[in-house]
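Structural description and commentary
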Amino acid sequence: MRILLVASAFNSLTQRVHTELRDRGHHVGVELALGDEPLRAGVARFGPDLILAPMLTRAIPEDIWTAHTVLIVHPGPKGDRGPSSLDWAISEAAPSWGVTVLQAVAEMDAGPIWASVPFAVTPVGKSALYRNEVADAALTAVLLAVERFEAGQFEPEPLDYSRRDVKGKLRPYHVQQHRRIDWDIDDTATVLRKLRAADSQPGVLDELFGREFFLHGGHNEDQLRGEPGTVIATRDGAICRATVDGAVWLPQLRARRAPDGPPTFKQPATDVLGELLPSVPEVPVSPAAAATRDTWSEIRYREVAGAAGKYGSVGYLEFAFAGGAMSTGQCRRLLYAYEQARTRPINVLVLGPERDFFSNGIHLNVIEAAADPGAESWRNINAMDDLVEAILTTTDKLVISALPGNAAAGGIMLALAADEVWCRESAVLNPHYQLMGLYGSEYWTYTLPRRVGAQTAERLTQQTLPVGARAARALGLVDQVIPGSPAAFWAWVRTEAAALADSPELAERLVEKKRRLAADEAVKPLAAYRAEELARMSANFAPGSPYHQLRQNFVHKVCATATPSHLLG
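Summary of the structure given here. All values derive from a computational prediction rather than experimental measurement.

1. Overview of the overall build of the chain
Regarding its fold elements, the chain presents 20 helices and 25 strands. Judged by the C-alpha coordinates and their principal axes, the chain covers about 65 × 60 × 55 Å. Of all 569 residues assigned to the chain, the portion counted as buried reaches 57%. Put simply, 69% of the contacts in the chain that link residues at least 6 apart link residues at least 24 apart.

Written out as structure tokens, the structure is:
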């Protein structure tokens, strides 16, 4: 079928639906919902059999949904209506929720139901829930609805609140008055629910040191205590704020925009506060200690014996950076942790987060806030390169990249530095840099062609379209694709990594790994790949290059004026 995706943005869910439908043989196009007239023109140009809206914040014009079947993906159970479905689910501690695919009619979210799939609400931030449990349920519901539409015999279910399985209701927008934290009354669990329900947008509006900020992210602290509402510690850019019965970590803040002031955006909390932040202790935690505690840390490290404790052991270097972005400082901290792990008596080293993004490359928000964004871009890309180089030159251990979630640009190239790449089936990969006006580094000119061949590498980096996990496996971009939840993915990873650590073939594999690196170095040294890539990147970072405007548009969420040509289908 010809299926047109109409979306307010080409976000993670829209990308996932795009890749899955393409993989199933459908002709898929995308039209951004930028206004009624552009949308009408896009629909007429594409000529769809079916219109799907995976993520939509505005109504479809009546003349479109009366002429075409338009299916809307709503992140709520049957009967749920309104723009803040997930916010309410998290703030009210709902144990389960759902995703419903319904037909567009005059009344928002009130059309006939084509499919509805439940999911368990994991206690994480809204964005992490959206990219995992919500996306998994949404894809199941979308594929079922598409199958039913294509069969041509399904009668969608009218919304009927008298039915026992229709448990949702119309809910208002989740305004800041519902999100407000009372630090003198709210316990830690309540504070965390409010923070998680506002992540990553719109954040919780609050006051710190006489000024208003939006709080983003929220993590428990198991040891530190203080007067409720006060900032009692910092760690790697985050601040720790006491509650009535504990404390929470706030990794990012966004200053409230003044009426006539410049736009603001999320940054590490200590960067935003600057001189406003009083003298409070920096309280570090080692990756190994963090792995045994309930505290905030972007990096954790743990070791597990091999499959039967026979020969080897496995090291797990876990990292989780907000939005998948990695600043200069974060790259350096991860590199230090990697170097420490490399000294450990382990046979296999697994890299990756517990859930959500693996990495999206350099940290554009931190770069945008820098006094000299070009210079900070240069520092950041070199820090990424240092990390990738360390992985590429590790020859005494088998290194595995484990991707439970999405990866893009330099983040994918970071994963490709490992010996094997294991990917959860729901992950979406964007192996390109061009949409940000960059040539790219992270040794991609060495690792990507080595995996997929020169011709496919060129196509992937020039086509600038997302790649689903199964398609990535077929291309050789990843080695293993595992279905199921993040927890099921990691259960599989632990089993396989333990087996590898005990494998009799491991020693031979490491010998071959060392031999191959030496042979590659003899043909063309890694340093040459890096120098060539950075020469191109230097021009990208120069004043006046398109990268600077593209970066600003991304950071400040400037809306596109037209659907990019590569999405039209």
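2. Quick look at helix α19 (residues 526–541)
The terminal C-alpha atoms of α19, which comprises 16 residues, lie 22 Å apart, in line with the 22 Å expected from a rise of 1.5 Å per residue. Among all positions in α19, only Leu-526, Tyr-529, Arg-530, Glu-533, Leu-534, Met-537, Asn-540 and Phe-541 are buried. Angularly, the buried residues of α19 cover 120 degrees about the axis, an arc narrow enough to put them on a single face. Buried residues belonging to α19 abut α12 (373–392), α14 (444–452), α18 (506–523) and α20 (546–555).

3. Some thoughts on the pattern of salt bridges
The full count for this structure, using the stated rule, is 41 salt bridges. For Lys-126, the salt bridge is made with Asp-87, and the minimal N-O distance between the two is 2.9 Å. Of this pair, Lys-126 sits in helix α5 (residues 126–151) while Asp-87 is found in helix α4 (residues 85–91), placing the two residues 39 residues apart along the sequence. Glu-303 is paired through a salt bridge with Arg-344; the nearest N and O atoms lie 2.6 Å apart. Placement of Glu-303 in strand β15 (residues 299–305) and of Arg-344 in the loop between α10 (328–342) and β18 (348–351) is noted, with a sequence separation of 41 residues between them. On the basis of relative accessibility, which here comes to 33%, the residue Glu-303 falls in the partly exposed class. Where salt bridges share partners, they join Glu-20, Arg-24, Glu-425 and Arg-470 into one cluster.

4. Brief notes about the pairing of strand β16 (residues 313–319)
For a regular strand, side-chain orientation follows a simple rule: the groups alternate between the two sheet faces. Most of β16 sits inside the fold, with 7 of its 7 residues counted as buried. Judged by which residues are buried, β16 turns out to be covered on both faces: Ser-313, Gly-315, Leu-317 and Phe-319 on one side and Val-314, Tyr-316 and Glu-318 on the other are all buried. Here β15 runs beside β16; their pairing, made up of 7 bridges, is antiparallel. Across the sheet, Val-304 pairs through a bridge with Val-314, a residue of β16. Bridge count between β16 and β18: 4 bridges; the pairing is parallel. What sits directly across from Leu-317, in β18, is Leu-351.

5. Quick look at the layout of surface pockets
Within this model, the second largest pocket holds a volume of roughly 400 Å³. Contributions of two or more residues to the lining of the second largest pocket are made by α12, α14 and α18. Of the residues in the lining of the second largest pocket, the class split is 8 nonpolar, no polar and 8 charged.

6. Here we look at the sheet that holds strand β11 (residues 238–242)
Read across the sheet, 4 strands follow the order β9-β12-β11-β10 without closing on themselves; strand pairing throughout is antiparallel. A strand with exactly one partner marks an edge of an open sheet, and here the two such strands are β9 (219–221) and β10 (231–235). Averaged over all neighbouring strand pairs, the angle between strand axes comes to 30 degrees, with direction disregarded. Two elements, β9 and strand β12 (residues 247–250), share 3 bridges in a ladder whose sense is antiparallel. Within the sheet, the bridge partner assigned to Asn-220 lies in β12 and is Val-248. Lying over the sheet, helix α7 (residues 188–197) contacts β9 and β12, oriented at roughly 20 degrees with respect to β12.

7. Things to note about the sheet that holds strand β21 (residues 407–408)
Spatially, β21-β23-β24 is the arrangement adopted by the 3 strands of the open sheet, whose pairing is mixed. The strands lining the two open edges of the sheet, one partner per strand, are β21 and β24 (467–468). Pairing geometry for β21 and strand β23 (residues 428–430), over 2 bridges, is parallel. Bridge assignment links Ala-407 to a residue of β23, and that residue is Leu-429.

8. Concerning empty space enclosed by the protein
Taken as a whole, this structure holds 4 cavities of 30 Å³ or more when the rule is applied. The volume enclosed by the largest cavity comes to roughly 50 Å³. Class assignment of the residues belonging to the lining of the largest cavity gives a composition of 4 nonpolar, 3 polar and 2 charged.

9. Quick notes on unusual backbone geometry
The amide bond that connects Asp-199 to the next residue, Ser-200, takes the cis arrangement and shows omega of 0 degrees. As for its placement among the helices and strands, Ser-200 is situated in the loop between α7 and β7 (204–208). Of note in the backbone geometry, Ala-409 takes a positive phi value of approximately 50 degrees without being a glycine. Structurally, Ala-409 can be placed in the loop between β21 and α13 (410–416).

10. Topic: the environment of Ala-457
Considering the arrangement of structural elements, one finds Ala-457 in helix α15 (residues 454–463). Each C-alpha atom of the pair Ala-457 and His-566 lies 17 Å from the other, and the pair is 109 residues apart in sequence. Not counting residues within four places of it along the chain, the set of residues in contact with Ala-457 comprises Leu-448, Pro-449 and Val-452.

11. Here's the deal with the packing of helix α1 (residues 12–23) against α5
With their axes 10 Å apart at the nearest point, α1 and α5 run at an angle of 40 degrees to one another. As far as their axial angle goes, α5 and α1 are oblique. Viewed along their axes, α1 and α5 form a crossing whose handedness is right-handed. Between α1 and α5, the contacting residues are Ser-12, Leu-13, Arg-16, Val-17, Glu-20 and Leu-21 on the first element and Tyr-130, Arg-131, Ala-135, Asp-136, Ala-138, Leu-139, Val-142, Leu-143 and Val-146 on the second.

12. Side note on the packing of α14 against α15
One way to put it is that α14 packs onto α15 with a least axis distance of 7 Å and a crossing angle of 115 degrees. Between α14 and α15 lies a crossing whose hand is right-handed. Facing Trp-444, Leu-448, Pro-449 and Val-452 of α14, the residues of α15 in contact are Ala-454, Thr-456, Ala-457, Leu-460 and Thr-461. Here the residues of the contact of α14 with α15 are counted per class, giving 7 nonpolar, 2 polar and no charged.

13. Comments concerning the environment of Glu-458
Inspection of the secondary structure assignment puts Glu-458 in helix α15. For the pair formed by Glu-458 and Thr-445, sequence separation is 13 residues and the distance between their alpha carbons is 9.7 Å.

14. Description of the packing of aromatic side chains
Applying the stated rule across the entire model yields 12 aromatic pairs. Taken together, a centroid distance of 6.2 Å and an interplanar angle of 55 degrees make the contact between Trp-114 and Phe-149 tilted. Taken as a pair, Trp-114 in strand β6 (residues 113–120) and Phe-149 in helix α5 lie far apart in primary sequence, 35 residues in all. Residue classification places Trp-114 among the buried residues on the basis of a relative accessible area of 7%. Ring geometry for Phe-319 and Phe-321: centres 6.0 Å apart, planes at 25 degrees, overall stacked.

Thresholds applied
- Residues numbered from 1 in each chain as written.
- Predicted model: local features only at pLDDT ≥ 70, side-chain atom pairs only at ≥ 80, totals over all residues.
- Heavy atoms only, no water.
- Helix = DSSP H or I, 4+ residues; strand = E, 2+ residues; numbered from the N terminus.
- Buried < 20%, exposed > 50% of the residue type's maximum accessible area, 1.4 Å probe, protein only.
- Contact = heavy atoms within 4.5 Å.
- Expected span 1.5 Å × (residues − 1).
- Arc of directions from axis to C-beta.
- Salt bridge = Lys/Arg side-chain N within 4 Å of Asp/Glu carboxyl O.
- Pairing = 2+ DSSP bridges.
- 1 Å grid on protein atoms, 1.4 Å probe; cavity = no way out; pocket = protein on both sides within 12 Å on 5 of 7 lines; lining within 4 Å.
- Points joined across faces, edges and corners; volume = space filled by probe spheres on them.
- Nonpolar A, V, L, I, M, F, W, Y, C, P; charged D, E, K, R; others polar.
- Axes fitted to C-alpha atoms, helices over the stretch in contact; angles between N-to-C directions.
- Parallel < 35°, antiparallel > 145°, perpendicular 65-115°, else oblique.
- Left-handed = near helix turned anticlockwise from the far one by under 90°.
- Phe/Tyr/Trp six-rings, centres within 6.5 Å; stacked < 30°, edge-to-face > 60°.

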